[in-house]
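Residue-level structure breakdown
What follows is each chain in one-letter form.
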Amino acid sequence: MSGTIDGFSYGAVTPVAGYLMAVLGSALGLRCVGRCVHYRQGWKPGWLALGAACIGCGVWTMHFIAMTGFQVEEAPIRYDVALTVLSLAVAIVVVGAGVFTVGYRGARAVALGTAGAVTGLGVAAMHYLGMYAMRLPGSIRYDTLTVAVSVAIAVGAAIAALWAAVSIRGFIASLGASLVMGVAISGMHYTGMAAVSVHLHNAPATGDGATPVSLLLPMLLGPVIFLVLASAVVMMDPLLLAGDTDRRRFGAPGTNSRGHGTNSRQEHSAAFDRTAHSGAGAPDTDSHPRPVWPPRPDLDVTDGHRSRR
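Residues numbered from 1 in each chain as written. Predicted model: local features only at pLDDT ≥ 70, side-chain atom pairs only at ≥ 80, totals over all residues. Heavy atoms only, no water.

1. Things to note about helix α3 (residues 81–105)
Under the convention used in this document: Secondary structure is summarised from DSSP: a helix means a run of H or I of at least four residues, a strand means a run of E of at least two, and numbering begins at the N terminus for each. To estimate the expected span of a helix, count its residues, drop one, and scale the result by 1.5 Å. Partly exposed residues are those whose accessible area sits between 20% and 50% of the maximum for their type, while under 20% is buried and over 50% is exposed, using a 1.4 Å probe and protein chains only.
Given a rise of 1.5 Å per residue, 25 residues ought to cover 36 Å, and the 37 Å separating the end C-alpha atoms of α3 matches this to within 8%. Buried within α3 are the following residues: L83, T84, S87, L88, A91, V94, V95, G96, G98, V99, V102 and G103. Looking at the residues trailing α3, positive phi occurs at G106, about 85 degrees.

2. A few points about the confidence of the model for the protein
Parts of the model with low pLDDT should not have their predicted coordinates read in detail. The condition that has to hold: Here pLDDT means the predictor's own confidence in every residue, given as a number from 0 to 100. Whether two residues are in contact is decided by their heavy atoms: any pair within 4.5 Å suffices.
A residue-level look at the protein finds 72% of positions with pLDDT of 70 or above and a mean pLDDT of 78. A low-confidence stretch, residues 244–272 stays under pLDDT 50, and its non-local contacts, those more than four residues away or across chains, total 42 contacts. Counting contacts from residues 274–287, a segment whose pLDDT is below 50, to residues more than four positions away or on other chains yields ten contacts.

3. Thoughts on the pattern of salt bridges
Keep this limit in mind: Any carboxyl oxygen of Asp or Glu that lies within 4 Å of a side-chain nitrogen of Lys or Arg is treated as forming a salt bridge with it.
On inspection of all chains with the given rule, the structure shows one salt bridge. A salt bridge links R135 to D80; its shortest N-O distance comes to 4.0 Å. Note that R135 is positioned in strand β4 (residues 134–135) and D80 in the loop between β3 (78–79) and α3, a separation of 55 residues in sequence. Residue classification places D80 among the partly exposed residues on the basis of a relative accessible area of 24%.

4. Some details on the packing of helix α2 (residues 44–68) against α3
What counts here: Think of each axis as a best-fit line through the C-alpha atoms, taken over the contacting stretch in the case of a helix, with angles from 0 to 180 degrees between the N-to-C directions. Roughly parallel here means an angle under 35 degrees, roughly antiparallel means over 145, roughly perpendicular means 65 to 115, and every remaining angle is called oblique. By definition, any crossing whose near helix is turned counterclockwise from its far helix by less than a right angle is left-handed, and any crossing with a clockwise turn is right-handed.
Packing of α2 against α3 brings their axes to within 8 Å, and their N-to-C directions diverge by 140 degrees. Here α3 runs oblique to α2, going by the angle between their axes. Every pair of crossing elements has a handedness; the one defined by α2 and α3 is right-handed. Packed against α2, whose contacting residues are K44, P45, L48, A49, A52, A53, I55, G56, C57, W60 and F64, the element α3 presents T84, S87, L88, A91, I92, V95, G96, V99, F100, G103 and Y104 at the interface.

5. Digging into the environment of L88
The residue L88 is located in helix α3 in this model. The class for L88 is buried, based on a relative accessible area of 18%. Each C-alpha atom of the pair L88 and C57 lies 7.1 Å from the other, and the pair is 31 residues apart in sequence. With sequence-adjacent residues up to four places away left out, L88 is seen in contact with C57, W60 and P223.

Structure representation (structure tokens):
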């Protein structure tokens, strides 16, 4: 007997809430990774780990918010607690692998493709591991082609997210990338859910495991609280608050340097030295550049010597 599946039992509430959490996790993760790539200050592994945790929690939270709206009309659904927790760990670990790869290797084609493939396959594994955690009096079957499409969406979304993390600067650009990432994450989830069909058995439900309300809602509180606290950390960071207008002030790498250029003090000193040479008419012999003052109207400058008019 085939079960009647309803993926939107709460209407638009679960897909909208899931999308917003995916956007929040993506936005925080992109800002954390971008901070490591475009600025020198701070502990790089810590910011990369925070970015990976934000993106992983956002993806996992989106999935299980959507799953609270999933039901089979003829049978109750319960969840295995251990597998549900394991799926969260998988999401964070695989996203971390991709984030650390691009954080240290940059957006080179090989590094980006490898990291995106690993992360995308891991996110898909998180999704189907969460589905495997469901307990109901029947079996879950999947359409192979639709599953392949969902995995391709996950890999494409992962590559796009990692590229955006190391390439996009500024709050508005990061927000736009996060909105697109939310669409991709939600699209991957609901494409995977479209592959699902349920074949019910005649045996009654055993009652093992936890119901969606008793398990998922309390478990969702932890990642949601974490994302709220991470938002406070990112918003209070003075370097990100300053924005791109003060990048040199905080020792940002040069624009042609893949994240390892000369620091702002060296660039400032070189520019000062060039100005001194061009203004004085002859290079200075001292080790430190001398300030160049504007010419006085009552003095003539001839051959490097000043004489009063």
